[in-house]
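# Close look at the chain arrangement
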Amino acid sequence: MTTETPSEESRSRLLRQKGPSEGRPAPEASLFEEVVNLCKRRGFVFPSSEIYGGMRSTYDWGPLGALLLQNVRKAWWRAMVQERDDVVPIEAAVLTNPKVWAASGHLATFTDPLVDCRKCKERWRADQIGDTCPNCGSKDLTEARPFNLMFKTFVGPVEEEASVAYLRPETAQGMFVNFLNVLQSTRKRPPFGIAQIGRSFRNEITPGNFVFRTREFEQMEMEFFVPPAEADSWFEYWCQQRHAWYERYGIPSSWLRLRPHEQEELSHYSVRTSDIEFLFPWGWGELEGIANRTDYDLRVHSEASGVRLEYFDQASGEHYLPYAIEPAGGVTRAAMAFLLSAIDEDEVAGEKRSVLRLHPLIAPYQVAVLPLSKKETLTPLARKVLGELQRTFTCDYDETQAIGRRYRRQDEIGTPYCVTIDFDSLEDDQVTVRERDTTAQVRLPISGLVDHLSAELQASGGAF
Ligand code: ATP
C-alpha cells in the first residue's frame, strides 16, 4: 500500500492559504478558469449541444454535475423539508394559465432595462453597464426600454394570441396559486411553508459567467406563510437560517455576506429583501434572496381569481391573508459556489495534487471502491464490498491504473473516502479506508465499513 501522507509543512501551508473559513483571502481571477476547466475535463458541465457548435450560455450537466446538483437539492431538501414539520413540498407545472402572470404582475413588470449599442449592435442591461458599451467602448447607446424576461410559447397547434402561455420565471407562483389546496389537504396553519425545487426560465439579456446566469436554471424556493405581525421576526429568522446553510455545506464565512436591498432595488412584490451574496472571482454576486412579499401575491390572486386565498383563524374568528417570507435560491448558482469554495491544491509526498474539498454530502461520490490491482482474484471481493456500500452511498468503482493515480483522480473530483481492497483483504476480511483531505489511512473490517462511513458522514452534517 502506498503511503502518501502530506508533509507537515505542506499541510500547514494549505491551512494558511485556504483551509479555515474565517478570513480566507478573496478568490483570485484564475480560480474561475480552474473551475471551468475542471468542469469540462471531469464531466461536471458541458456546453449544450456542443457537437452543433453549442448554444450561447446554455449548459448540460454531465455525470458528475448531475450527481452534484442532486446533492445540492438533497441538502436543501434536508434543511427545508425533511428536518422540519412546518414545511411541505409541492411540484407545480412549468406551464400555467397565463392569468397567473397577469395577476402576479410579471406580465407588466418582470422586465429589465435594455439598451442597444448603435455601433456594434450588442445588447445590454442598462443597469449593469453605465454609459459605455463594454464590447466596443462606444457611448452611442439607445434609450433604455423595458424588456420582459418571460419566455412565450403557444399551447396546442395554433399559434395565436389566445394560445399564448409562458414558461415560469420563478417557481414561487406555484405555491401561491396552490395555497388553499395545500391548506385544506394538509391542515397546516400559519406559520407554515410550501417548498419547491424546479426549473425556471428567464430570457436574460446578458447571460454569462458560466452557469451563474443562464436562461434555463433551477430554483429552490420556499414560501413561509405567517401572521402579518410576525413577518419581521420570521424574515430575520430565515436570513439567519439560509446563511448558516451555505456555511454548513462548505462555503467559507468570509466569502459570504448578507446584503439588504436599497428601497429602489426592491422587486414589485417586496417590502424588504436581503441577498445572500458570495464572493465570486469577479466580485460579490447573489446566491439567494430572502424577501418579505407581504400578502401581495395572495391578495392579487384572490382579486383576479375571485377565490379568497385566506386563512381562517378559529381562535380569533378572523379571516386574514398571511404574509409570505420567501427564501429563493438557485441550485445551479449554489453548485458553482460550492465548486469555487472547494477547489484546491496541495503537495503530497513531494508531488502536487489537485483536490476538491467538497463537503462529503455535496461531493458527487461519497465513496470510491478501488481493488489494488485488476487481478481476477480481487474482483469478486471488491464487487461484493461495492454492492454493500451502494445500498447506502453513491459510489464509484475504478480498477485501472496505479493506486496512487486513482487516488488523485478521486481527490480531483472530491470523493471523501476511498476503500481499497488488497491481497491481505482476501485473508483478513479487512480493507483500507483513505480520507481525502488528510490522506490518512485506516484498516477496518469489511463488516464494520458501512457503519464506520455512515458515522463519519453523519458527523459531517446530518442524515443523507
Ligand atoms: P439576479 O439579480 O442575479 O438577476 P434575481 O434577484 O432576479 O437574480 P431571484 O428572482 O431572487 O433572482 O431568484 C432567486 C434565485 O434564483 C437567485 O438568487 C439565483 O440563485 C437564481 N437565479 C435567478 N436568475 C438566475 C439565472 N438567470 N441563472 C441562474 N440562476 C438564477
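Analysis parameters
Residues numbered from 1 in each chain as written. Predicted model: local features only at pLDDT ≥ 70, side-chain atom pairs only at ≥ 80, totals over all residues. Helix = DSSP H or I, 4+ residues; strand = E, 2+ residues; numbered from the N terminus. Rg over C-alpha atoms; globule rule 2.2 N^0.38 Å. Buried ≥ 20, exposed ≤ 12 C-beta atoms within 10 Å, placed from the backbone. Domains from an automatic or database assignment. Near = placed C-beta within 6 Å. Nonpolar A, V, L, I, M, F, W, Y, C, P; charged D, E, K, R; others polar. Pairing = 2+ DSSP bridges. Axes fitted to C-alpha atoms, helices over the stretch in contact; angles between N-to-C directions. Core = buried A, V, L, I, M, F, W, Y, C linked by C-beta atoms within 7 Å. pLDDT = per-residue confidence, 0-100. Contact = placed C-beta atoms within 7 Å. Expected span 1.5 Å × (residues − 1).

Once that is clear, we can look at the overall build of the protein. Regarding its fold elements, the protein presents 15 helices and 23 strands. Relative to the 2.2 N^0.38 estimate, which gives 23 Å for 464 residues, the radius of gyration of the protein is 25 Å and therefore close to what a compact globule would have. Principal axes of the C-alpha set define a box for the protein whose edges measure 75 × 65 × 50 Å. Burial statistics for the protein: of 464 residues in total, 36% are counted as buried.

Each assigned domain of the protein is listed with its residue range as follows: domain 1 (41-106 + 170-339) and domain 2 (365-459). A straight line from the C-alpha centre of domain 1 to that of domain 2 covers 38 Å.

As a structural note, the neighbourhood of the ligand is formed by 16 residues, with Phe 217, Gly 289, Ala 328, Gly 330 and Arg 333 the closest of them. Per-element accounting of the shell around the ligand gives the leading share, 4 residues, to strand β13 (residues 283-292). Here the residues of the shell around the ligand are counted per class, giving 3 nonpolar, 6 polar and 7 charged.

Spatially, 3 strands are ordered β5-β4-β6 in an open sheet, and the strand pairing comes out antiparallel. Of all strands in the sheet, those with a lone pairing partner are β5 (123-125) and β6 (145-148), marking the two edges. The average undirected angle you get between the axes of adjacent strands in this sheet is 50°. For strand β4 (residues 111-116) and β5, the ladder comprises 3 bridges, and the chain directions are antiparallel. Considered in β5, the bridge of Asp 116 is made with Arg 123.

This paragraph deals with the nonpolar core. Core analysis: the biggest nonpolar cluster contains 98 residues, and Val 72 and Phe 338 have the highest contact counts within it. In terms of residues, this core owes the most to one element, helix α3 (residues 63-82), which gives 8 residues. When residues of this core are assigned to domains, at least three fall in each of domain 1 (41-106 + 170-339) and domain 2 (365-459).

Bridge analysis of strand β17 (residues 343-348) against strand β18 (residues 351-356) gives 6 bridges, and the strand direction is antiparallel. Within the sheet, the bridge partner assigned to Glu 347 lies in β18 and is Lys 352. Connecting β17 to the next strand, β18, in antiparallel fashion are 2 residues, including Ala 349 with a positive phi near 45°.

With that out of the way, let us pick up the pairing of strand β9 (residues 192-201). Counting buried positions over the 10 residues of β9 gives 7, a clear majority of the element. With 3 bridges joining them, strand β3 (residues 87-89) and β9 adopt parallel strand pairing. Considered in β9, the bridge of Val 87 is made with Gly 193. As paired strands, β9 and strand β10 (residues 216-226) are joined by 10 bridges and run antiparallel to one another. The partner of Ala 195 across the bridge, within β10, is Met 222.

Take the confidence of the model for the protein next. On average, residues of the protein score 93 in pLDDT, and 94% of them reach the 70 mark or higher. Ignoring residues within four places in sequence, the model shows residues 7-20, a span with pLDDT below 50, making 9 contacts including any to other chains.

Take the sheet that holds strand β20 (residues 395-397) next. Pairing is mixed across the open sheet formed by 5 strands, whose spatial order is β20-β19-β21-β22-β23. Edge positions in the open sheet fall to β20 and β23 (441-445), since each of these has one partner strand only. Direction aside, neighbouring strands of the sheet carry axes that sit 25° apart on average. As judged from the 5 bridges shared by strand β19 (residues 367-371) and strand β21 (residues 417-421), these two strands associate in the parallel manner. Looking at β21, one finds that Ala 368 is bridged to Cys 418. Packed on one face of the sheet, helix α12 (residues 379-390) meets β19, β20, β21 and β22 (430-435) and runs near 170° to β19.

A word on helix α11 (residues 331-342). Between its first and last C-alpha, α11 extends 17 Å over 12 residues, near the 16 Å set by a 1.5 Å rise per residue. Among the residues of α11, those classed as buried are Val 331, Thr 332, Arg 333, Ala 334, Ala 335, Met 336, Ala 337, Phe 338, Leu 339 and Ser 341.

Glancing now at the environment of Pro 380. Inspection of the secondary structure puts Pro 380 in helix α12. The exposure class of Pro 380 is exposed, given the 12 C-beta atoms found within 10 Å. Taking the C-alpha atoms as reference points, Pro 380 and Phe 393, separated by 13 residues in sequence, lie 19 Å from one another.

Turning to unusual backbone geometry, a few remarks are in order. The linkage connecting Pro 190 with the following residue, Pro 191, adopts the cis geometry, with an omega of 0°. Mapped onto the elements, Pro 191 comes out in the loop between α8 (179-186) and β9. For Phe 210, which is not glycine, the phi torsion reads 60° and is therefore positive. You can see Phe 210 is positioned in the loop between β9 and β10.

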